[in-house]
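The residues making up each chain are set out below.
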Amino acid sequence: KSGIKKNKKEGDNATPKGIFSLGKFYYRPDRIKKVSTNLSCKKIKKNMGWCDDPKSIKYNKEVNRIKIKNSEKIFRKDHKYDAFIVINYNSKPIIKNKGSAIFLHLTKNYKSTAGCVAIKKNDFLKLAAIVNNKTKIKI
């Protein structure tokens, strides 16, 4: 076993429990004007998605939604993904059905998510400025 626990039974939407490294910082340049972070950055574009289809070879990876239909939309009308940081859960190696698209993203309230970690924009931007590729998040 990996030592990673889920707070619900496998297959349910659940935030994984464990200690994880951070991946890329994604942001919408039309909504986030100034980015200050030591993480690798990527601008979010209209056709970007994150594959959540365990049958796909692109499972738990960024994809082009035109090519991969079974994917979570990253370029959203709401503001949850105006900026997010990938939490490196189920990434090396990727195990089918173990979970995908676990992000640290934005929220206006602190209601539960479908598996991610969400914080308010101001706190998110302060945190993004001090983390780096060696930073770990404990969930």
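Okay, so let's go over this structure. It should be emphasised that the depicted structure is a prediction, and the values quoted were computed from it without experimental measurement. (Residues numbered from 1 in each chain as written. Predicted model: local features only at pLDDT ≥ 70, side-chain atom pairs only at ≥ 80, totals over all residues. Heavy atoms only, no water.)

### Digging into the pattern of salt bridges
Summed over all chains, the structure comprises 5 salt bridges. For the salt bridge of Arg28 with Asp30, the shortest nitrogen-to-oxygen distance reads 2.7 Å. A residue is classified by how much of its surface remains accessible, and Arg28, at 4% relative accessible area, is buried. Look at Asp30 and you get partly exposed, because its relative accessible area is 43%. Residue Asp78 is joined to Arg76 by a salt bridge in which the shortest nitrogen-to-oxygen separation is 2.6 Å. A relative accessible area of 29% places Asp78 in the partly exposed class. Because the salt bridges share partners, they merge into one network encompassing Glu72, Arg76 and Asp78. (Salt bridge = Lys/Arg side-chain N within 4 Å of Asp/Glu carboxyl O. Buried < 20%, exposed > 50% of the residue type's maximum accessible area, 1.4 Å probe, protein only.)

### Some details on the sheet that holds strand E6 (residues 62-64)
Across the sheet, 3 strands lie side by side as E6-E5-E7; this open sheet has antiparallel pairing. One side of each edge strand has no neighbouring strand; the edge strands of this open sheet are E6 and strand E7 (71-73). Along the sheet, successive strands turn relative to each other by an average axial angle of 45 degrees, direction set aside. Of the strand pairs in this sheet, strand E5 (residues 48-51) and E6 are connected by 3 bridges, and their pairing is antiparallel. Following the sheet pairing, Gly49 is matched in E6 by Val63. (Pairing = 2+ DSSP bridges. Helix = DSSP H or I, 4+ residues; strand = E, 2+ residues; numbered from the N terminus. Axes fitted to C-alpha atoms, helices over the stretch in contact; angles between N-to-C directions.)

### What to know about the nonpolar core
One finds Leu22, Phe25, Ala83, Ile85, Ile87 and Phe124 to be the most contacted residues of the largest nonpolar core, which totals 18 residues. For this core, the secondary-structure elements that each account for two or more residues are strand E3 (19-27), strand E8 (83-87), strand E9 (103-106) and helix H1 (121-130). With 4 residues, the top contributor of residues to this core is E3. Those residues in contact with Phe25 that lie beyond four places of it in its chain are Val35, Thr37, Leu39, Ser40, Cys41, Lys42, Ala83, Phe84, Ile85, Phe124 and Ala128. Of all hydrophobic cores here, the second largest spans 12 residues; its members include Ile44, Trp50, Val86 and Phe103. (Core = buried A, V, L, I, M, F, W, Y, C linked by side-chain atoms within 4.5 Å. Contact = heavy atoms within 4.5 Å.)

### Comments concerning unusual backbone geometry
For residues besides glycine, phi is generally negative; the peptide bonds are generally trans as well. The residue after Lys92, namely Pro93, is reached through a cis peptide bond having omega 0 degrees. Locating Pro93 in the fold gives a position in the loop between E8 and E9. If you check the backbone angles, Asn60 has positive phi at about 60 degrees while not being a glycine. Among the structural elements, Asn60 can be located in the loop between E5 and E6.

### As for the environment of Tyr81
Following the sequence through the fold, Tyr81 ends up in the loop between E7 and E8. Distance from Tyr81 to Asn64, taken between C-alpha atoms, is 16 Å for residues 17 residues apart in sequence. Looking at Tyr81, its side chain comes within polar contact range of the side chain of Glu72, at 2.5 Å. (Polar contact = N/O pair within 3.5 Å; in protein donor to acceptor, adjacent residues only side chain to side chain.)

### With respect to the pairing of E8
Among the 5 residues that make up E8, 5 are buried, leaving the element largely enclosed by the rest of the structure. Residues of E8 alternate between two faces, with Ala83, Ile85 and Ile87 on one and Phe84 and Val86 on the opposite face, all of them buried. Relative to E8, E3 runs antiparallel, the two sharing 4 bridges. If you follow Leu22 over to E8, its bridge partner there is Ile87.

That is the geometry; function is a separate question.
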